[in-house]
Structures are given as structure tokens and as C-alpha cells.
Amino acid sequence: METMPREQLRAVQDERLRDVVRRCYENVPFYRDKMQKLGITPKDIRGVCDIELLPFTDKQDLRDNYPFGMFAVPNSEIVRIHASSGTTGKPTVAGYTSGDIDRWAELMARALYCANVGKNDVVQVAYGYGLFTGGLGAHYGAERVGASTIPISGGNTVRQLMLMEDFGSTTLMCTPSYALNIAEAVEKEGIDLKRLKLKSGIFGAEPWTEEMRKHIEEKLGIDALNVYGLSEVMGPGVSMECMAKNGMHIWEDHFLPEVIGEDGKSLPYGQQGDLTFTTLTKHGMPLIRYRTHDLCTLTDEPCACGRTHVRMGRIMGRSDDMLIIRGVNVFPSQIEHALMQVEGVSPQYHIVVDRQGNLDTVEVQVEMKPEMMSDTVKDMEALSAKLHASIAAHALVNAKVKLCQPGTLPRTDGKAKRVTDKRKL
Ligand code: ADP
Ligand code: ZN
């Protein structure tokens, strides 16, 4: 399936799209109403060529149908319920049939295999286990490839390191910000990398930059690969980078991606917009044209690994994470990129936005590297000035830079909270 010629893949998608549209129409009142309002029935959808006839689904639709209104099977068929952390408002719920869980394990196994993880590996799953899909999603995939799977969950970093060494973990799965904390702890505890067997990391669930990848790879001596997913569409493993490290292959036999522009039209490959998925094989909670609000681009350029599925670029950020500062759109990942251009600071940072009078203000707090601590006030001022200039150049904002002592900004064992927006308090 992963290397199927694209015309053949399209035929699989056509058939599966017809099937999911019919299932939604027959079993989910929300979709039947929407399609009736648009004057279409499942018969009008011949295949992917007709995708634009179908309605979009937004997070708000899931909230309006909270908790189980989007399910397409009787509750007796649902074997698992997850919910997103609901950073903004009520959580969004996802229900899975046993078939859905099986396909999720399979797709997550594909993802692990992209990182060459197999039965001889020991996989340390340091994503949180719980309603959040990260832990269990990674877990089932790791077991499916036959790896020895350690369900340690997030947190307790010192214990993570002990088990990593004692159990000989070869692969670490967690958020990139937690990987960074683990890398710091390795350094702090003075652990020689030779004592560890770690060779790869599968990191996702939040945006991170290419610079952060290099930093983690160096500190842990591994290949760090990007994995993407969201609970509404499945969980982790919707897409995954291969060893070519040039974007994440979306498993297109199960998810039909589109990138939607501001006018609501599907954009051609290469253009940035709102990543949107139609789930082709989910039964518990199938979704049609679900707007993720994750901004990215797609490409169908051939990949060195031989997989034919399209690749998505790094997520620039969710449109809900975008800060508007004095009219300029800024993503936290742009600030991260700007900081990482300058020697002397670590990728631990926090952005505080406020308003004084009518003017937005931004303070970027960033930790210095320990070796900078012996530097003079003048050196510090020079460092601040460099960071200020880099932020102005890469993110187009005039930010106040606050250099912090190493280890003083709050750490996370899950998704990092990069921004405090006091304008909203
Ligand atoms: P929540 O909405 O509570 O954060 P999820 O855990 O389902 O719930 O989060 C999914 C979101 O996480 C995605 O829509 C995306 O914004 C972000 N995400 C997941 N993986 C990545 C990744 N590899 N890079 C950037 N962002 C990611
Ligand atoms: Zn590839």
C-alpha cells in the first residue's frame, strides 16, 4: 500500500470515499442534514474528483454534537473513547470501533517502520497515557511491529533515564519539548551517551523546528523524526517522516488530505493552507473534510524511500495559535526559529504578550546555555541585542528579550505551553 502507484492509490481512495460518504449519510444526522441542504446525495459523489461538492466539518460541529452525536455506529460498537485536551472549551470526543483500533495500530506500525523500528527494538513510550491519544496510539503501534514496549508515560525524567539505560531503549517516543528535557537531564546527570542504546526518536503532537531537530539529534545522538496526528482524525500516526527527513508521508489509503485556502477552495500541491482530512476507513467517527486549522503544504514529489504517499511539510502552527501583534501574524515556531539562529541560548523559551495602552508588547524569555553564565554584563547585552535582531528579522516583531538562567523556565512532560497572552486574561 505504501509504494502503490498513485493512479492505483486514487482508485482505492475513490472506492473508500464513496463508502464513507454513504456511511455518514445513512448514520450521522449531522451529515445527512448538511448534504440535504447542499442538495446532494451519496450517489453524486463518484470519487475524489467530486470532493469539493462535500461539506466541511469544523471543530465547532464536533462540539455542537458533544459528546457522541458524530458517531456513525451504535454505542455498543464503540470500544474506546478518547478526547482532546480541549485547550479551548469543551473537549472534542473521538470514538473507535475495534476495527478502528486495529487500523490505528497498523498505521502507527507503518510510522514506526519508517524509523526502522522492528521486533529487535525497545520502545520507550513517554507520551502521556490517558484521554490524550499519544500514549496508547504509540503503544499499540510499537507492539504491532513486535518491539518490546515500555509504557512509562510522561514525567519523572530521572526514572526515564534509569529505565532507558537499564532496559536498553532504542527508540524514544514523546513530544519534542519533552525530548529536549530528557536531553538536558542526560547532560545534567552526566550520562555518557555510550551507556545508552538510543538510536531514534519519534516526536510529535506539537510544532517544532528543523533547528530543534538538529539540537535534539546532537544531544541524544539519535535520528529524530516527526510524527503527526490529531485525536479527531485518529491520533498519532496520520502521517510520519521517513529517514529521508523531508516531510511526513500521509497514509493516503486511509486519509484523504486537502489544503484549503482562505476562499475555501482546495489548493494545489505546494501552496500553504489549512490541512483538511476526509477519513476513508474510520467507522466509529468518520469525518468528511475536517478542517484541522493546521497550516502546511503538501507535495507529491517522489521520495527517496520509495513510498508514494504525499508528504506534508512541518506544521507552521495552528491558526488558533497564531498571535496577532500590532497587526503582524506571528507563530511561536517563527520565534523558535529566530532564537535558534543565535549561539548561546537553549531552545527553552516562553512568549508573553501584553498590551500597554493601545500597543501590543511582546517579551521573549529564553534560557541561556550554562556556559554563558560566566559572561560579563556586556556579553549579555550583546546576546540580547542579537536575539532582538533575529526576532525582528525572522518574525517581524519588536520583542523585548529576557535572558533567563538555565533551568528556570517551566518544563513540560507533554505539549509545551509557549505563549501567555495577557491580552486575553
Ligand atoms: P489538542 O487539540 O487537545 O491539542 P490533539 O492531541 O489531538 O489535541 O492535538 C492535535 C494537534 O496537535 C494537531 O492538530 C496539531 O496542531 C498538533 N500536532 C500534532 N502533531 C504535530 C506535529 N508533528 N507537528 C506540529 N503540530 C502537531
Ligand atoms: Zn519517504
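Please read these numbers as outputs of a predicted model, since none were measured by experiment.

S.K.: Help me understand the sheet that holds strand β11 (residues 273–279), please; the structure alone is not making it clear to me.
M.R.: Paired through their backbone hydrogen bonds, the strands of a sheet run either parallel or antiparallel. The strand order across the open sheet built from four strands is β10-β11-β12-β15, with neighbouring strands paired in antiparallel fashion. For this open sheet the edge positions go to β10 (255–260) and β15 (317–318), each flanked by a neighbour on one side alone. As paired elements, β11 and strand β12 (residues 290–296) share four bridges and run antiparallel to each other. Bridging from a neighbouring strand, Asp-274 pairs with Leu-295 of β12.

S.K.: Which parts of the structure should I look at to understand the packing of aromatic side chains?
M.R.: Any aromatic ring pair is given by two values, namely how distant the centres are and how the planes are angled relative to each other. In total, this model carries six aromatic pairs according to the counting rule given. For the ring pair Tyr-96 and Trp-104, a centre distance of 5.0 Å and an interplane angle of 10° mean the geometry is stacked. You can call Trp-104 buried: its relative accessible area is 3%. Judged by centre distance (6.3 Å) and plane angle (35°), the ring pair of Tyr-228 and Phe-277 falls under tilted. With Tyr-228 in strand β7 (residues 223–230) and Phe-277 in strand β11, the pair connects residues that are 49 residues apart, well separated along the chain. In terms of burial, Tyr-228 and Phe-277 fall into one category: buried.

S.K.: Which parts of the structure should I look at to understand helix α9 (residues 332–339)?
M.R.: What sets the pattern is the α-helix's 3.6 residues per turn: residues three or four places apart point alike. By the criterion of burial, α9 is predominantly enclosed, with seven of the eight residues buried. All buried positions along α9 are accounted for by Pro-332, Ser-333, Gln-334, Ile-335, Glu-336, Ala-338 and Leu-339. Check the buried side of α9 and you find it contacts α8 (210–220), β17 (328–330), β18 (345–356), β19 (359–368), α10 (377–395) and β21 (419–421).

S.K.: What's the story with the pairing of β7 in this structure? I'm lost.
M.R.: On a regular strand, one side chain projects to one face of the sheet and the next to the other, so that they alternate. With six of eight residues buried, β7 is to be regarded as a mostly interior element. With five bridges connecting them, strand β6 (residues 200–204) and β7 associate as parallel partners. Note on β7: the bridge partner recorded for Ser-200 is Asp-223. Of the crossover connections in this fold, the one passing from β6 over α8 to the parallel β7 is right-handed. Looking at chain direction, β7 and strand β8 (residues 235–241) are connected through four bridges and run antiparallel. Bridging from a neighbouring strand, Gly-229 pairs with Pro-236 of β8.

Conventions used here
Residues numbered from 1 in each chain as written. Chains lettered and ligands numbered in written order. Predicted model: local features only at pLDDT ≥ 70, side-chain atom pairs only at ≥ 80, totals over all residues. Heavy atoms only, no water. Pairing = 2+ DSSP bridges. Helix = DSSP H or I, 4+ residues; strand = E, 2+ residues; numbered from the N terminus. Phe/Tyr/Trp six-rings, centres within 6.5 Å; stacked < 30°, edge-to-face > 60°. Buried < 20%, exposed > 50% of the residue type's maximum accessible area, 1.4 Å probe, protein only. Contact = heavy atoms within 4.5 Å. Right-handed = clockwise from strand over helix to strand, strands pointing away.

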